Structure formats: C-alpha cells, structure tokens
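Secondary and tertiary structure notes
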Amino acid sequence: MADRKRVLITGVSGQIGGVVRDALKDIHDVAGIDIRAPQDFEATVADMTDLEAILPAFEGIDTVVDLANNPAGNLSWHHAYRNNIPAAYNCLEAARRAGVKRVIFASSNRASENYELDQPYANICAGDYTGLTPGGFPLVTPDMPVRPSGPYGIAKCMGEAAGRYFSDRHGLSFIALRFGTVRRDSRPSNVRHFATLLSHRDLGHLVERCVAAPDSLRAATFFGVSNNDWKFWDISNAKELIGFDPQDNMEVYREA
C-alpha cells in the first residue's frame, strides 16, 4: 500500500492508545512506547521524560501519535511540571532528531474548558437548553485564545505551543487534537457529556484522518467531538482540512 506509514503511538497502553492502535493497525505499521508494557502488544518500555531512553523508538518512524501523559484532569502542578510537560517536549525533540515528518499531539478540551464559565456553554453543560437550539449559538473555535481549567490544561497548552515552535523552526508537521470526553463505554454519564463526548469510533476516525492528511498541512489544531446535537466546539476546520466526519450522536442515549 503506497500510503502505508510507520506510526509510533506513545502511551500505547492507555485507553486512548488502545482505541488508536485498533483504528490504525490494519492500514499502517504500528509501533508503541509506554512506561508499562501492553498486555497484548509488543512495545518499547521507556519513560517519555527520559529523552535518551526513548530515542531508539523514533527511528524510522513517519508519524507519531503522542498520547503519553498522566491523564488525570485534576492533575497537580507538580505532576504536570515533572511529567506531562517534559514528556510532550521530549516527544517533539525525539521526532526532530529522528526525522519524523508529523506529530499528532493529544491535547484536550481542558485547554479551553474555561469558556464553559460563559453562556450559553455553562447552561449547555448543565443540561439547561432554555431558549437555545442546537447549533444556533456561536461555537468555541480552535483559533480562540486558550483558557485552560487547571494544571492539566496548562500543560496541554504548553504542548500545543511547543509543537508550533517545532513546526515553524524545524519543519515538523504538527497537529494538536483537543479531545472531548472519552469514556470506556462511549456513553454519557452526566449531562455535560451529551455535548462533549467523543466516541471511540469517531476518535479512531479523527486520528486516522490526521495520519492520512497531506504533507502540506504544517500546523493545525482540531477539536475532537462526536456529532452531538449540543456540541459547542467548532470542528469545521477538521472537516475541511482532513475530512473528519463524526458519525455518533449522544442523543441516542437520552432518556425519553
């Protein structure tokens, strides 16, 4: 297959790592790296905060999907500073040294979550749709200023900024994906999730489209959310630039 790529997934043992691996394994040559070994997949075991230890895994790779971080949304600044920020930077530096063409960075909706302090997003997240119609209000776009909701989101913003630096100065193609809510069962567990949830199927599709995106895409930020009636993040640039076409809508789980 002419467009088959060698893809490295960092954080391959995690929940999202497994979803991405399953989405890519039949169309690309997939390798992995994680601080712990997956049970059913051979991968390099190394700590992403140790640059020298991770360098061999990047050799010969075309595209990196960077999922390696502590995923706790309530992460302390100490852990964000000691783990998530250096892990993101080391991925970019290892990619640069190895001649990797593209890094797809797992950012987060927490990089812009404080827009949910404003209306109508606050009411939508609370399940109050009074006076609103789906899509009938301004959406939060990827080019609006970041508004992180805590140390985890701050670290994601710093990862996005670092990626843009490597794109501008070193020619790396860099795509930041601000994932919405990802759950093991792909079902809402609270009212906010009817707007924010990203199903496993749509997540895998989004990453696959980023891997397949043309080399001319040098730097971009996309929100990752399913085709939910009440989504308030703008995904039009992902539709236009990479053909992202989410299929799932959380309204199917709404109680009658």
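Before reading on, note that the structure itself is shown above.
Keep in mind it's a predicted model, so treat the numbers as computed, not measured.

Conventions used here
Here the residue numbers are simple positions, counted from 1 along each chain's written sequence. Residue-level local features of this predicted model are given only where pLDDT is at least 70; pairs of side-chain atoms are given and counted only at 80 or more, and the full residue set underlies all totals for whole chains, interfaces and linings. For the side-chain quantities, the full set of heavy atoms in the structure was used; hydrogens and water were omitted. Here a strand pair is declared whenever DSSP counts at least two bridges between the two strands. Helix and strand definitions here come from DSSP, where helices need a minimum of 4 consecutive H or I residues and strands a minimum of 2 consecutive E residues; each element is numbered from the N-terminal end. Any two residues whose heavy atoms approach within 4.5 Å at even a single point are treated as in contact. Angles here are taken between N-to-C directions and fall from 0 to 180 degrees, while the axes themselves are lines fitted to C-alpha atoms, restricted in helices to the stretch in contact. Disulfide: a pair of cysteine sulfur atoms within 2.5 Å of each other. Buried means the residue's accessible area, taken with a 1.4 Å probe over protein chains only, is under 20% of the maximum for its type, while exposed means over 50%, and partly exposed covers the values in between. In this text, buried Ala, Val, Leu, Ile, Met, Phe, Trp, Tyr and Cys residues form a nonpolar core when linked through side-chain atoms within 4.5 Å.

A few words now on the sheet that holds strand β2 (residues 29–34). In spatial order, the strands read β3-β2-β1-β4-β5-β6-β7; together these seven strands make up an open sheet with parallel pairing. Two strands lie at the open edges of the sheet, namely β3 (44–45) and β7 (219–224), each paired on one side alone. Note that strand β6 (residues 173–179) and β7 share six bridges and pair parallel. The partner of F179 across the bridge, within β7, is G224. Contacts from helix α1 (residues 15–24) reach β1 (6–10), β2, β4 (63–66) and β6, with the element oriented near 170 degrees to β1. Strand contacts of helix α7 (residues 200–212): β1, β4, β5 (102–108), β6 and β7, with the helix running at about 170 degrees to β6, the strand carrying the most contacts.

As a further point, take the state of the cysteines. Taken as a whole, this structure holds zero disulfides when the rule is applied. Free of any disulfide, C91 has its nearest cysteine sulfur in C210, 14 Å distant. When its relative accessible area of 0% is taken as the criterion, C210 is described as buried.

Counting residues in hydrophobic clusters, the biggest one holds 45 residues, and the most contacted among them are V65, L177, F179, V207, F222, F232 and I242. Looking at this core element by element, the count peaks at five residues for α7. Ignoring anything within four residues of it in the chain, the contact list for F232 reads E116, Y121, I124, C125, F137, L139, V140, A195 and T196. Of all hydrophobic cores here, the second largest spans 28 residues; its members include L51, V64, L172 and F174.

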